[in-house]
Amino acid sequence: MKIALFGSPGVGKGTYAAKLEAIYHMPHIATGDLFRAEIKQQTELGKKAKEYIDKGALVPDEITTGMLKNRLDKEDCQNGFLLDGFPRTVKQAEALEGITTLDAIINYFADDEVIIQRLSGRRLCKKDGSIYHITNVPPKQENICDKCSGELYQRDDDKPEAIKERLEVYRTQTKPVLEYYE
Ligand code: ADP
């Protein structure tokens, strides 16, 4: 199955994807994770993407689509995948048609106040990317990943100004993707 998880930032796509990945053994392809890996490795693509990500803006479609195509072309994606965070614009949805055909889209929904509470308390593991929340899903030991003992950190774009911008970007640029598929 080729499935895309859809919904606002912080709605829980990454958390559900990790659970689904463990049950169905499908690769979890998150464009946000791909960008964070490029930033960590200080590649040209990573440097360019960081300028947009830190502001809470979307990375331009051509950069994002090219990066995603490279990933989906790999062997492990040939029988299916869970796409998380793509497509995020109608242009990306159109470009995806030229790369592959989705079997399903799952749309997640939560109220804005819940989203803001989730995003502002979210913490990630520096080593394996596991997702926690300071009160909803706290690690056993403060700031330490349960699975690999890596240090937890808060993403720059999970700070209040960037959260506001990301929710606005979702409303104006990403929500129309639902109508496109409907
Ligand atoms: P969240 O779903 O919590 O916003 P992600 O990890 O999916 O977080 O994305 C982090 C950032 O990476 C986004 O705010 C955006 O800047 C960039 N990004 C991720 N996916 C895309 C995409 N499909 N198109 C453009 N930018 C993207």
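What you are looking at is a predicted structure, and each value in this text was computed from that prediction instead of being measured.

**Observations concerning the site of the ligand**
- Near the ligand there are 20 residues, and of these Thr 31, Ala 57, Gly 85, Gln 92 and Arg 166 occur at the shortest range.
- Taking Ala 57, its main chain carries an N or O atom lying 2.6 Å from an oxygen atom of the ligand.
- By residue number, the principal contributor to the shell around the ligand is helix 2 (residues 31-40), which donates 4 residues.
- Among the residues making up the shell around the ligand, the classes are represented as 7 nonpolar, 6 polar and 7 charged.

**Re the packing of aromatic side chains**
- Scanning the entire structure with this criterion turns up 3 aromatic pairs.
- Look at Phe 6 and Tyr 170: their rings are 6.3 Å apart centre to centre, the planes differ by 50 degrees, and that puts the pair in the tilted class. With Phe 6 in strand 1 (residues 2-6) and Tyr 170 in helix 7 (residues 160-174), this residue pair connects regions lying 164 residues apart in the sequence.
- Here the aromatic rings of Tyr 16 and Tyr 108 are separated by 4.9 Å at their centres, their planes lie at 10 degrees, and the arrangement is stacked. Placement of Tyr 16 in helix 1 (residues 13-24) and of Tyr 108 in the loop between strand 4 (104-107) and helix 6 (112-121) is noted, with a sequence separation of 92 residues between them.

**Focus on the sheet that holds strand 7 (residues 152-153)**
- Within the open sheet, the 3 strands sit side by side as 6-5-7. Their pairing is antiparallel. Each having just a single partner strand, strand 6 (131-133) and strand 7 make up the two edges of the open sheet.
- Pairing between strand 5 (residues 122-125) and strand 6: 3 bridges, direction antiparallel. What sits directly across from Arg 122, in strand 6, is His 133.
- Packed onto the sheet, helix 6 meets strand 5 and strand 6 and runs at close to 40 degrees relative to strand 5.

Reading guide: rules and limits
- Residues numbered from 1 in each chain as written.
- Predicted model: local features only at pLDDT ≥ 70, side-chain atom pairs only at ≥ 80, totals over all residues.
- Heavy atoms only, no water.
- Near = heavy atom within 4 Å.
- Polar contact = N/O pair within 3.5 Å; in protein donor to acceptor, adjacent residues only side chain to side chain.
- Helix = DSSP H or I, 4+ residues; strand = E, 2+ residues; numbered from the N terminus.
- Nonpolar A, V, L, I, M, F, W, Y, C, P; charged D, E, K, R; others polar.
- Phe/Tyr/Trp six-rings, centres within 6.5 Å; stacked < 30°, edge-to-face > 60°.
- Pairing = 2+ DSSP bridges.
- Contact = heavy atoms within 4.5 Å.
- Axes fitted to C-alpha atoms, helices over the stretch in contact; angles between N-to-C directions.

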